[in-house]
Amino acid sequence: MQGFLSRLVAACSALVLVAACSSGDTTSVAGKRSLTIGVSFDQPGLGLRRLDGALRGIDIDIARYIANDLGVAEQNISWQEAQPANREKLLTSGQVDLVLSTYSITDKRKEVIDFVGPYFLAGQDLLVRLDDGRITGPESLDNDPNLRLCSVQGTTSAEYVKTQFAKNVKLVEYPKFSDCVTAVLADNADAMTSDDVILAGYAAQNPELLRVVGKPFSKEEYGIGIRKGDADGKKKVTEAVRKLIDSGEWKKVIDRNVGPSGYVIPDPPTLAS
């Protein structure tokens, strides 16, 4: 009986080992037949879910291109909303395989996840009401102690303004970008700060009410978030983005999604190896 139990334990251990190895092989983005991709649902021109459920934007188009290059058909892509505050958690928990959500590459984030990119270069700016002439740049936010600056939870945008330009400005935070836009429109905030390409999309939706100040004051490198340690997946996604840029498709994607807003389209970035 003891011999039988020993053989049973050994067999079970072998099965567990095989399962673990199998699981390890399929956890790489490079080997999957389906992908779950985290994107924004409320950023016009970048990642927007329309009322009919269709997804549109730069990040959506690039995600589709990458998936196709990895051999994943569009019908095998599952889309999940990625808010700034939960992007790392979505990746580390395995809820998503990739995140394309105007995801700035930072050293702090690279401690938790890996990035492919940059695939787009933006600059932080301010969105204000069209008729508000008080705000001409980040420094002007210190001119009036009652000015309120809105940013999205999980981003570093407002804190950067406060530490570098306007230490006295009052900070207001909301979970979503669209919440900040609503706050500015409703006079619950005087300005919103985020990346200029994000703000341009909102200004294009409300040209009679909102404007972008147009004085970028930072450099934001957008990267594709991927689980840390997936070296093969990172290599394959990097190759896909390089094809996107070299083929000219990158420029078409940018033109199609934000060109009509009047946003000045930058040159393609240089990918990190």
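Keep in mind it's a predicted model, so treat the numbers as computed, not measured.

1. Considering the packing of aromatic side chains
No. 1: Per the counting criterion, the structure on display carries eight aromatic pairs.
No. 2: Taking the centre distance of 6.3 Å and the plane angle of 35° together, the rings of Phe120 and Trp250 count as tilted. Within this pair, whereas Phe120 is found in strand β7 (residues 114-122), its partner Trp250 is found in helix α9 (residues 249-258), the two being separated by 130 residues in sequence.
No. 3: Here the aromatic cluster, defined as three or more aromatic residues joined through ring pairs, consists of Tyr119, Phe120, Tyr222, Trp250 and Tyr263.

2. Section: the sheet that holds strand β1 (residues 35-39)
No. 1: Taken together, five strands build an open sheet; the order of strands is β5-β1-β6-β13-β7 and the sheet is mixed. The sheet terminates laterally at β5 (77-81) and β7, the two strands that pair on one side only. Here the average twist between neighbouring strands, direction ignored, is 30°.
No. 2: Direction of pairing for β7 relative to strand β13 (residues 220-226): antiparallel, over a ladder of six bridges. Each bridged residue has a counterpart across the sheet, and for Phe120 the counterpart in β13 is Tyr222.

3. Describing the pattern of salt bridges
Opposite charge on two side chains permits pairing when their charged atoms draw close.
No. 1: Tallied over the full model, the rule gives 20 salt bridges.
No. 2: Between Arg134 and Asp132 there is a salt bridge, with the nearest N and O atoms lying 2.8 Å from each other.
No. 3: Note on Arg134: relative accessible area 40%, which makes it partly exposed.
No. 4: A relative accessible area of 7% places Asp132 in the buried class.
No. 5: In this structure, Asp190 engages Arg134 in a salt bridge whose closest nitrogen and oxygen atoms are separated by 3.1 Å.

4. What about the state of the cysteines?
No. 1: Per the stated rule, a full pass over the model turns up one disulfide.
No. 2: Note on cysteine connectivity: Cys150 is disulfide-linked to Cys180, with sulfurs 2.0 Å apart. Measuring handedness by torsion sign, the sulfur bridge of Cys150 and Cys180 sits at about -85° and is left-handed. Here Cys150 is found in strand β9 (residues 148-152), whereas its partner Cys180 is found in helix α6 (residues 177-185), with 30 residues between them in sequence. As far as the burial class goes, Cys150 and Cys180 line up, both buried.

5. Regarding the nonpolar core
No. 1: Ranked by size, the top nonpolar core spans 53 residues in total, and within it Ile66 and Val237 carry the most contacts.
No. 2: Ile66 has contacts with Leu98, Leu100, Ile224, Val237, Ala240 and Val241, leaving out every residue within four places of it along the chain.
No. 3: One finds Val128, Leu149, Val213 and Phe217 within the second-largest nonpolar core, a separate group that totals 13 residues.

6. A short note on the side chain of Thr238
No. 1: By the element assignment, Thr238 lies in helix α8 (residues 231-246).
No. 2: Apart from residues no more than four positions distant in its own chain, Thr238 is found in contact with Val116, Leu271 and Ala272.

7. Details of the packing of helix α2 (residues 58-69) against α8
No. 1: Where α2 meets α8, the axes come as close as 9 Å, and the angle between the chain directions of the two elements is 120°. It follows that α2 is oblique to α8 by the angle criterion. At the point where α2 passes α8, the crossing takes the right-handed sense. Every residue of α8 that contacts α2 at Ile62, Tyr65, Ile66 and Asp69 is listed here: Val237, Ala240, Val241, Lys243 and Leu244.

8. A look at α2
Residues that lie three or four places apart on an α-helix share one face, since the helix turns once every 3.6 residues.
No. 1: Its 12 residues place the ends of α2 17 Å apart at the C-alpha level, agreeing with the 16 Å of an ideal helix rising 1.5 Å per residue.
No. 2: Looking at α2, one finds that the buried residues are Ile58, Asp59, Ile60, Asp61, Ile62, Ala63, Ile66 and Ala67.
No. 3: Once α2 finishes, Gly71 follows within two positions and takes phi at roughly 90°, a positive value.

What counts, and where the lines are drawn
- In this convention, every chain numbers its residues from 1, walking through the sequence in written order.
- For a predicted model such as this one, the threshold for reporting local features is a pLDDT of at least 70, and the threshold for listing and counting side-chain atom pairs is 80 or more; totals across whole chains, interfaces and linings nevertheless cover every residue.
- As a convention, hydrogens and water are excluded, and side-chain values are obtained from all of the structure's heavy atoms.
- Aromatic rings from Phe, Tyr and Trp, with only the six-membered ring used for Trp, were paired whenever their centres fell within 6.5 Å, and each pair was classed as stacked if the ring planes differed by under 30 degrees, edge-to-face if by over 60, and tilted otherwise.
- Labels follow the DSSP assignment, with helices taken as runs of H or I lasting at least four residues and strands as runs of E lasting at least two, numbered in each case from the N terminus.
- Whether two strands pair comes down to DSSP finding at least two bridges between them.
- Throughout, an axis means a line fitted to C-alpha atoms (over the contacting stretch in the case of helices), and angles, computed between N-to-C directions, take values from 0 to 180 degrees.
- When a carboxyl oxygen of Asp or Glu lies within 4 Å of a side-chain nitrogen of Lys or Arg, that pair is called a salt bridge.
- Only protein chains enter the accessibility calculation, which uses a 1.4 Å probe; a residue whose area is less than 20% of its type maximum is buried, one above 50% is exposed, and one in between is partly exposed.
- Any pair of cysteine sulfurs within 2.5 Å is marked as a disulfide.
- In this description, a nonpolar core means a group of buried Ala, Val, Leu, Ile, Met, Phe, Trp, Tyr and Cys residues linked to one another through side-chain atoms lying within 4.5 Å.
- The contact criterion used is simple: two residues touch if any of their non-hydrogen atoms lie within 4.5 Å.
- Note on angle classes: values under 35 degrees are labelled roughly parallel, values over 145 roughly antiparallel, values of 65 to 115 roughly perpendicular, and the remainder oblique.
- Less than a right angle of anticlockwise turn of the near helix away from the far helix marks a crossing as left-handed, whereas a clockwise turn marks it as right-handed.
- Any helix carries an expected span of 1.5 Å times its number of residues minus one.

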